[in-house]
Amino acid sequence: MQETGYRRFKIESKPAPHAYPIPNKFDVSARKVRLAGMLLHEAFEYKFKKEVVLSRPCIYGVFGGRFGGFKPIKQKCVGCMRCVQEYPHIMRVKPSDEYKRLGDSFWTPEMVYTIWNEAATGKIPVKGMGYKGAFGGEGFDGIWTDMSEIVRPTRDGVYGREYISTSVDIGRKPVHVNFEKLDHTPTTLEVPVPIILDELPAGTESDDVSIAVDRAAEQVGTLRVTGKGDHSQANLPIVDEKQIGEYKQTPRILEFDAQEQGLLDKLLSDFGSTILIGRLPLKEDTSSMVSELVHRGVHGVHLYADYHGWDYSKEPRHISAALKDTHQQLVREGVRDQITIIASGGITLAEHVPKAIICGADLVGIDTTVPVALQSEFHGETQNRENCGLKPRKIDPAWGTQRLVNLMSVWHDQLIEILSAMGMRDVRRLRGDIGRSMMDSELREQSFKGIAWAA
Ligand code: SF4
């Protein structure tokens, strides 16, 4: 029986530890002779208490094994550097070579680790020790979100004292009521998170992976884009002209290749009440193509860049810039509110979701992040949609489902964090609100324009 009353949306996470061992992040080593000297000295100081002598100075238990610092338990090291600060003449801690080899030119080892741990625990990564990385960079790293006091940041949303909605609508919103043709069919579909699971990269989809993705989408209440023509509740199938006839009932939502001539008109005539989403690569002329599709009656567009987040223009732009272009073009034409924009490609970390929405997307599709969360192996570059360097490993579908649910849960929590910090109560309001962002490149230009650099 369906529960009555109000239910707050929450994705429940459960531990789903790594099925395959992951490399140590840090390589801890000690100069053995000096260590022996130090231990001898401390043995007298701590009155030969073995457990005290062998475990110091690491509170994380790296030296807590049988042989203490002579055989450190490297996987426990969090890189706090306390041992190096206390004993710089004995201890060495550096990123391990295996860790440095993770990922590709886009997926940094830090990103891979973040996704693995989010999928394993469902918890927001807490780095401690402060942020040690850069404050600007390429793509999404060059966009900062505005969390200044003036926007009334609050923790109420995070602690549940007030509700922040992360629901978005997919479909075409009517701009007026047509009394001649009153139709009660909903023209939009609501999903509780602005994240769907995009088509899996070529070569990463085994049967077990496919089951895991299906079940995760169903559990979360979102959609999973698939080219397989499967008609389950969570699926958002991509159809071509040949597959149209296979549908016995009118589907509620479909994606189609918007570059295929005449396909939209055929779909509109065959499936009058279906939400139709045109799939398009982001290029120089995407804005005008989307504008034309809107006028021809499409309900939404799914714009995609390559898996590293670069569009398919002759001079590739980052997906954030390409999205902004299309969004602003539709705003200028006064039609932006009519359709939904789904964006995918290079959206691989939790913070990329609000940033893509700020740039004009209603919601995002995640792609390579899914196989990474399922511990697929990197066999080269992942940029190319036809030849992605990720290879799946054998998984248990139940384990895979939980990993993906955990990932969605922790991304949802981080989205709440960011909306809360911006004083926003609804993710729909964030769409295209570039006033809530600062661009690293623009700030640099404003601050340093006209100042000569010394070589
Ligand atoms: S860096 Fe920190 S966690 Fe790692 S071994 Fe040293 S004290 Fe322990």
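Residues numbered from 1 in each chain as written. Predicted model: local features only at pLDDT ≥ 70, side-chain atom pairs only at ≥ 80, totals over all residues. Heavy atoms only, no water.

Visitor: How would you sum up the overall build of the protein chain? Please name residues and give values.
Guide: Check the secondary structure of the protein chain and you find 14 helices and 16 strands. Each of the three principal axes of the protein chain carries a C-alpha extent, and together these read 95 × 60 × 50 Å. Burial statistics for the protein chain: of 455 residues in total, 50% are counted as buried. Of the contacts formed within the protein chain by residues at least 6 apart in sequence, a portion of 67% connects residues at least 24 apart. Here the protein chain displays about 23,300 Å² of accessible surface, and carbon together with sulfur accounts for 53% of that area. Mean positive and mean negative side-chain charge positions of the protein chain (58 and 61 charges, respectively) differ by 9 Å. (Helix = DSSP H or I, 4+ residues; strand = E, 2+ residues; numbered from the N terminus. Buried < 20%, exposed > 50% of the residue type's maximum accessible area, 1.4 Å probe, protein only. Contact = heavy atoms within 4.5 Å. Areas by Shrake-Rupley, 256 points an atom, 1.4 Å probe, with all protein chains shown as cover. Lys, Arg positive; Asp, Glu negative; His and termini not counted. Charge placed at Lys NZ, Arg CZ, Asp CG, Glu CD.)

Visitor: Help me get a handle on the pattern of salt bridges, residues and values and all.
Guide: Should their charged atoms come close, side chains of opposite charge can pair. Scanning the entire structure with this criterion turns up 27 salt bridges. With a closest N to O distance of 4.0 Å, Glu199 and Arg279 form a salt bridge. Pair noted here: Glu199 is in the loop between β6 (195–197) and α7 (207–220) and Arg279 is in strand β10 (residues 275–281), with a separation of 80 residues, a long-range link. One salt bridge connects Arg336 with Asp362, and the closest N-O pair in it is separated by 2.7 Å. (Salt bridge = Lys/Arg side-chain N within 4 Å of Asp/Glu carboxyl O.)

Visitor: How would you sum up the domain arrangement of the protein chain? Please name residues and give values.
Guide: Often, the extent of an interface is quoted as the loss of accessible area upon association of its parts. Here the protein chain is described as being made up of domain 1 (26–99) and domain 2 (142–445). Here the C-alpha centroids of domain 1 and domain 2 sit 47 Å apart. (Domains from an automatic or database assignment.)

Visitor: Quick rundown of the nonpolar core? Include the residues and the values.
Guide: Ranked by internal contacts, the top residues of the largest apolar core, which has 105 residues, are Phe256, Leu267, Leu323, Ile347 and Trp411. Considering every element that reaches this core, the biggest residue donor is helix α13 (residues 397–421), with 11 residues. Apart from the residues within four sequence positions on either side, Ile347 is in contact with Phe140, Ile319, His352, Val353, Ala356, Val364, Gly365, Ile366, Thr369 and Trp411. Core analysis: the second largest hydrophobic core is formed by 15 residues, Val62, Cys77, Ile90 and Met91 among them. (Core = buried A, V, L, I, M, F, W, Y, C linked by side-chain atoms within 4.5 Å.)

Visitor: I'd like to hear about the site of the ligand, residue by residue, with values.
Guide: What surrounds the ligand is the set Cys58, Tyr60, Val62, Cys77, Val78, Gly79, Cys80, Met81, Cys83 and Val93. Here the residues of the shell around the ligand sort into 9 nonpolar, 1 polar and no charged. (Near = heavy atom within 4 Å. Nonpolar A, V, L, I, M, F, W, Y, C, P; charged D, E, K, R; others polar.)

Visitor: Give a description of the packing of aromatic side chains that names residues and reports values.
Guide: Taken as a whole and judged by the stated rule, the model has 6 aromatic pairs. Measuring from ring centre to ring centre gives 5.1 Å for Tyr99 and Tyr113, while their planes differ by 80°; the resulting arrangement is edge-to-face. Placement of the pair is Tyr99 in helix α4 (residues 97–100) and Tyr113 in helix α5 (residues 109–121), with a sequence separation of 14 residues. Comparing Tyr99 with Tyr113, the two get one shared label, buried. Feature note: the residues Tyr99, Tyr113 and Trp116 constitute an aromatic cluster, connected by ring pairs. (Phe/Tyr/Trp six-rings, centres within 6.5 Å; stacked < 30°, edge-to-face > 60°.)

Visitor: Requested: an account of empty space enclosed by the protein, with residues and values cited.
Guide: Within the structure shown, the criterion is met by 2 cavities of 30 Å³ or more. The volume enclosed by the largest cavity comes to roughly 110 Å³. What lines the largest cavity is a set of 16 residues, and nearest its centre among them are Cys58, Val62, Cys77, Cys80 and Cys83. For the lining of the largest cavity, the class distribution of residues is 13 nonpolar, 1 polar and 2 charged. (1 Å grid on protein atoms, 1.4 Å probe; cavity = no way out; pocket = protein on both sides within 12 Å on 5 of 7 lines; lining within 4 Å. Points joined across faces, edges and corners; volume = space filled by probe spheres on them.)

Visitor: An account of helix α9 (residues 286–296) is needed here, citing residue identities and associated values.
Guide: Among the residues of α9, Thr286, Ser287, Val290, Ser291, Leu293 and Val294 are the ones counted as buried. Along the axis of α9, the buried positions cluster into a sector of 160°, meaning they face one direction only. On its buried face, α9 is in contact with α8 (263–270), β10, β11 (300–304) and α10 (319–333). Count one or two residues on from α9 and you reach Gly297, which has phi positive near 110°. (Arc of directions from axis to C-beta.)

Visitor: With reference to specific residues and values, describe the packing of α7 against α13.
Guide: Each pair of packed helices can be described by the angle between their axes along with the distance between the axes. Direction vectors running N to C along α7 and α13 enclose 45°, while the axes themselves pass 8 Å from each other. Put simply, α7 runs oblique to α13. Relative to α13, α7 is oriented so that their crossing is right-handed. Listed contacts from α13 to Asp208, Ile211, Ala212, Val213, Arg215, Ala216, Gln219 and Val220 of α7 are Pro397, Ala398, Gly400, Thr401, Leu404, Val405 and Met408. (Axes fitted to C-alpha atoms, helices over the stretch in contact; angles between N-to-C directions. Parallel < 35°, antiparallel > 145°, perpendicular 65-115°, else oblique. Left-handed = near helix turned anticlockwise from the far one by under 90°.)

Visitor: Could you give me a rundown of unusual backbone geometry, with the residues and numbers involved?
Guide: Even without a glycine there, the phi angle at Met81 is positive, about 70°. Position of Met81 among the secondary structure elements: in the loop between α2 (50–55) and α3 (82–86). Judged by its relative accessible area of 31%, Met81 is partly exposed. Despite not being glycine, Gln375 shows a phi value in the positive range, around 60°. Assignment of secondary structure puts Gln375 in the loop between α12 (369–373) and β14 (377–378).

Visitor: For a nonpolar patch on the surface, give the residues involved together with the corresponding values.
Guide: Together, Ile59, Tyr60 and Val78 line one region of the surface with nonpolar side chains, adding up to about 310 Å² of accessible area. Relative accessible area serves as the criterion here: at 65%, Ile59 is assigned to the exposed category. (Patch = residues over 30% accessible without salt bridge, like charges linked within 9 Å, V, L, I, M, F, W, Y side chains within 5 Å.)

Visitor: So what's going on with the packing of α9 against α10? Which residues, and what values?
Guide: Contact geometry for α9 and α10: axes closest at 9 Å, N-to-C directions at 45°. In terms of orientation, α9 and α10 fall into the oblique class. Considering the relative orientation of α9 and α10, their crossing is right-handed. Taking contact as the criterion, the partners of Thr286, Ser287, Val290, Ser291, Val294 and His295 in α9 are, on α10, Asp325, Thr326, Gln329, Leu330 and Glu333.

Visitor: Give me the environment of Val93: which residues, what numbers.
Guide: If you trace the backbone, Val93 turns up in strand β2 (residues 91–95). Placed 14 residues apart in sequence, Val93 and Gly79 show a C-alpha to C-alpha distance of 7.2 Å.

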